[in-house]
Amino acid sequence: MSEEVKIDLVTINVDGRDVDVPVGMNLIDAVKKYAKVEIPHYCYHSKLSVAGNCRMCLVEMGMPMRDRDSGEVILEEGKPKIGWMPKPAIACSTKTSAGLHIRTQSPMVKECRNGVMEFLLLNHPLDCPICDQAGECRLQEFSTDYGRGYSRYIEEKNVKPKRSRIGPRITLDDERCILCSRCVRFSQEITKDSVLGFVDRGSYSTLTCYPGRELDNNYSLNVVDLCPVGALTDNDFRFKMRVWFLKPVKSICTESSVGVNTEVWSREGKIYRITPRQNDDVNDTWMSDSGRRLYRRAESEFRLFEAAVAGAPVTRDQALEHAGALLRGERVALVVSGHSTVEEHHLLKDMADRLEAPVWMVPHVAEGDGFLISNDRTPNTRGAIVTGLIRETPYDHIAKIKEALEHKSVETLLVVGEDLIAAGVDRSLLEQVQVIYIGPEQNETSQLATVVIPSLTVFEKSGTFINQNFRIQKFAQAIPGPKGVASDLSTLCHLAGLIGCEGSSASMESVWESIRSKIPELAQVHFGNLPDEGLLMDAARFAHLKFCETQSLHYQAVNPEPANA
Ligand code: SF4
Ligand code: FES
């Protein structure tokens, strides 16, 4: 499904071992990936320019020596003679080339690291037990691995500002900053919001915002992930939990069709933070601040916990029976959501086919930011199209729903997770029909629904989404759902059975068996084996559709439709 890329390899020598690596690759990245050797570093970051200011990545380097006259490689005991540079060099500004030799563990390298650590720790406060970066601090880790273990410093430490506000979501402890400039380069190079910089010199140099400015763009929290020490902290997470108590689960951000790869960190059923997960084909290593806060939806005051019929609480089975009876009636239509998973879309397609019911989707279109938030503010519009649940883009579907209701061509409406009133459908029109509402939160539509069946948020279930590039990506369950609330998959399977769909099963593998047999683009996909970085689908069959997305980080939209659709 995905394209093969040809890479030119060269042989380099790492600590006496020959390793084949791509030519021209950054040495730190190449050695880590292909030789499984870590070169410690602070200021280097694979997605930022090279600053070369921390000196932690010093290694010994050499190249095969050549005869000045003939240009031939000089041999020594049958092997190329290596001309080692007299001084160590920084690995972060070196690219791989044929014959490059490096030593990462020699006495000279160890002494260099030792010296750099001593220098970095001169003015750094010894507050590891209370620092919020404990568990993720590279200064702490490298001082254990490469430091001297004791201090020779007898002068008074230079104490820098503490707990400064540099933006609405971020606190800066200047005294911990090691001046690596990652946050400064991120602001300059990635968000182009050049608000951070250093003032003063030498030991007095500090990070600060430009006068009158704050770091308040929607990508500001990436500097917290970037900061290798505990200088920058997220106000929302600060002092809430030690990271080693948290369990990270691979997930996908539902903020838009970009499908940013994330990790959801939880403990005992409570989510504490969401951080980006590297996927060079989707989001590099970044995510938006607004996406990080979506976990609050799981604790929303509007969560639904009980099934209801005509406003009165009933058991889930009673609600399902009632919904089944309505669906077996006349003139049924489905209103689906781009927030549902591919698996849920597939089951809904089976139901729509069985009922011969029209299907509409509520579009969520707003202006994208050209980076990691696209115009389509749902994660899986493509999923509904690939599964055949809808046959065209849904941008005019609200008008179609209104028209159908006005012409009284619908008696029962199955609504999955959407609020039709917020989307622009008149309450008076909805009041004329029987609504079955399945969703995690109550809204105006659920309030007037005949049958309400609660469901789970994206954090409480697993499944797949298909992003704007037709990349299918899976996400895992991070926390258990509320007691007694079943997943959409299980609710839809149950309803499908009640209306006579064949072979409906709520198990992920059996749903995928059915998906593989019916959708040619997904014929080779197995949920369990989907790679973490997702799979790019063949989207030729959908090339005629005009989607609303305009350009974002890794996506050049073809024939974009206006965002006001
Ligand atoms: S605040 Fe953190 S990321 Fe920014 S320069 Fe200081 S140590 Fe580096
Ligand atoms: S990582 Fe190379 S100098 Fe900082």
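These numbers were taken from a predicted model, which means no experiment stands behind them. (Residues numbered from 1 in each chain as written. Chains lettered and ligands numbered in written order. Predicted model: local features only at pLDDT ≥ 70, side-chain atom pairs only at ≥ 80, totals over all residues. Heavy atoms only, no water.)

## Concerning the overall build of the protein chain
Then, number 1: A tally of regular secondary structure across the protein chain gives 14 helices and 26 strands.
Then, number 2: Dimensions along the principal axes, computed over C-alpha positions, put the protein chain at roughly 90 × 55 × 40 Å.
Then, number 3: Buried residues in the protein chain amount to 55% of all 565 residues.
Then, number 4: Long-range contacts, defined as pairs at least 24 residues apart, comprise 66% of the intrachain contacts of the protein chain with a sequence gap of at least 6. (Helix = DSSP H or I, 4+ residues; strand = E, 2+ residues; numbered from the N terminus. Buried < 20%, exposed > 50% of the residue type's maximum accessible area, 1.4 Å probe, protein only. Contact = heavy atoms within 4.5 Å.)

## Some thoughts on the pattern of salt bridges
Then, number 1: Per the counting criterion, the structure on display carries 36 salt bridges.
Then, number 2: A salt bridge links Asp280 to Lys47; the shortest N-O distance between them is 2.9 Å. Here Asp280 is found in the loop between β16 (270–276) and α6 (289–292), whereas its partner Lys47 is found in the loop between α1 (27–34) and β3 (58–64), with 233 residues between them in sequence.
Then, number 3: Between Arg427 and Glu431 there is a salt bridge, with the nearest N and O atoms lying 3.7 Å from each other.
Then, number 4: Accessibility expressed as a relative area gives 34% for Arg427, which makes it partly exposed. (Salt bridge = Lys/Arg side-chain N within 4 Å of Asp/Glu carboxyl O.)

## A word on the site of ligand 1
Then, number 1: Residues in contact with ligand 1 amount to 13 residues; listed here are only the nearest, Cys177, Cys180, Ser181, Cys183 and Cys227.
Then, number 2: Residue composition of the shell around ligand 1, by class: 12 nonpolar, one polar and no charged. (Near = heavy atom within 4 Å. Nonpolar A, V, L, I, M, F, W, Y, C, P; charged D, E, K, R; others polar.)

## A few points about the nonpolar core
Then, number 1: Of all hydrophobic cores here, the largest spans 58 residues; its most connected members are Tyr42, Leu196, Leu232 and Phe459.
Then, number 2: Every element with two or more residues in this core is listed here: α2 (107–120), α3 (138–146), β10 (170–172), α4 (182–190), β12 (206–209), α5 (222–226), β14 (247–252) and β16.
Then, number 3: Apart from residues lying up to four places away in sequence, Phe459 is in contact with Val264, Ile271, Ile274, Leu294, Tyr295, Ala298, Gln477, Ala478 and Ile479.
Then, number 4: Ranked by size, the runner-up nonpolar core spans 55 residues in total, among them Leu327, Leu348, Met361 and Ile436. (Core = buried A, V, L, I, M, F, W, Y, C linked by side-chain atoms within 4.5 Å.)

## A word on α4
Then, number 1: Looking only at α4, the buried set comprises Arg182, Cys183, Val184, Arg185, Phe186 and Ser187.
Then, number 2: Following α4 by one or two positions, Lys192 adopts a phi angle in the positive range, close to 55 degrees.

## Comments concerning unusual backbone geometry
Then, number 1: Positive phi values are uncommon outside glycine, yet Glu77 reaches one of about 50 degrees.
Then, number 2: Here Glu77 is to be found in the loop between β4 (75–76) and β5 (79–80).
Then, number 3: Its identity as a non-glycine residue notwithstanding, Phe470 has a phi of 60 degrees, on the positive side.
Then, number 4: Note on placement: Phe470 falls in the loop between β24 (463–466) and β25 (471–475).
Then, number 5: Residue classification places Phe470 among the buried positions, given a relative accessible area of 7%.

## Some thoughts on helix α14 (residues 508–518)
Then, number 1: Among the residues of α14, those classed as buried are Met508, Val511, Trp512, Ser514, Ile515 and Arg516.
Then, number 2: Check the buried side of α14 and you find it contacts α8 (342–355), β24, β25 and α13 (488–498).

## So, the state of the cysteines
Then, number 1: Overall, the coordinates contain zero disulfides when judged by the stated rule.
Then, number 2: As a non-bridged cysteine, Cys128 has Cys137 as the owner of its nearest cysteine sulfur, 6.2 Å distant. (Disulfide = S-S within 2.5 Å.)

## Quick look at the side chain of Thr341
Then, number 1: Structurally, the position occupied by Thr341 is in the loop between β19 (332–337) and α8.
Then, number 2: Given a relative accessible area of 1%, Thr341 falls into the buried group.
Then, number 3: Apart from the residues lying within four places of it in its own chain, the contact partners of Thr341 are Asn380, Lys461, Gly463, Thr464, Phe465 and Phe475.

## Quick look at the packing of aromatic side chains
Then, number 1: Under the counting rule described, the total for this entry stands at eight aromatic pairs.
Then, number 2: Ring geometry for Phe465 against Phe475: centres 4.7 Å apart, planes inclined by 25 degrees, an arrangement best described as stacked. In this pair, Phe465 sits in strand β24 while Phe475 sits in strand β25, placing the two residues 10 residues apart along the sequence. Neither Phe465 nor Phe475 differs from the other in exposure class; each is buried.
Then, number 3: Geometrically, the ring pair formed by Phe470 and Phe542 is stacked, given 5.4 Å between the ring centres and 5 degrees between the ring planes. Highlighted residues: Phe470 in the loop between β24 and β25 and Phe542 in the segment after β26 (535–536), separated in sequence by 72 residues. Assigned by exposure class, Phe470 and Phe542 land together as buried.
Then, number 4: Ring pairing ties together the aromatic residues Tyr42, Phe142 and Tyr146, which thus form one cluster. (Phe/Tyr/Trp six-rings, centres within 6.5 Å; stacked < 30°, edge-to-face > 60°.)

## A few points about the packing of α2 against α3
Then, number 1: In the contact formed by α2 and α3, the axes pass within 10 Å of each other and the chain directions differ by 135 degrees. If you check the angle between α2 and α3, you find them oblique. The handedness of the crossing between α2 and α3 comes out as left-handed. Seen from α2, the contacting residues are Arg113, Asn114, Met117 and Leu120; seen from α3, they are Leu139, Phe142, Ser143 and Tyr146.
Then, number 2: Tallied by class, the residues present in the contact of α2 with α3 amount to five nonpolar, two polar and one charged. (Axes fitted to C-alpha atoms, helices over the stretch in contact; angles between N-to-C directions. Parallel < 35°, antiparallel > 145°, perpendicular 65-115°, else oblique. Left-handed = near helix turned anticlockwise from the far one by under 90°.)

## Remarks on the sheet that holds β16
Then, number 1: Here three strands make up an open sheet; going across it, the order is β14-β15-β16 and the pairing antiparallel. The two strands at the open ends of the sheet, each matched to only one other strand, are β14 and β16. Across the sheet, the mean angle separating the axes of adjacent strands is 30 degrees when strand polarity is ignored. (Pairing = 2+ DSSP bridges.)

## As for the environment of Lys518
Then, number 1: Structurally, Lys518 is set in helix α14.
Then, number 2: With residues near it in sequence (within four places) discarded, Lys518 still touches His346 and Asp350.
Then, number 3: Side-chain polar atoms of Lys518 contact the side chain of Asp350, separated by 3.3 Å. (Polar contact = N/O pair within 3.5 Å; in protein donor to acceptor, adjacent residues only side chain to side chain.)

## Some points on the pairing of β12
Then, number 1: Pairing of strand β11 (residues 196–199) with β12, which is carried by four bridges, proceeds in the antiparallel orientation. In the sheet register, Leu196 faces β12, and the bridge partner there is Cys209.
Then, number 2: Hairpin connection from β11 to β12: six residues lie between these consecutive antiparallel strands, with Asp200 at a positive phi of about 65 degrees.

## Considerations on the packing of helix α7 (residues 316–327) against α13
Then, number 1: The geometry of α7 relative to α13 is characterised by a closest axis approach of 9 Å and an angle of 50 degrees between their N-to-C directions. If you check the angle between α7 and α13, you find them oblique. Remark: the crossing between α7 and α13 carries right-handed chirality. For the pair formed by α7 and α13, the contact residues are Arg316, Asp317, Leu320, Glu321, Ala323, Gly324 and Leu327 on the first element and Ser490, Thr491, His494, Leu495 and Leu498 on the second.

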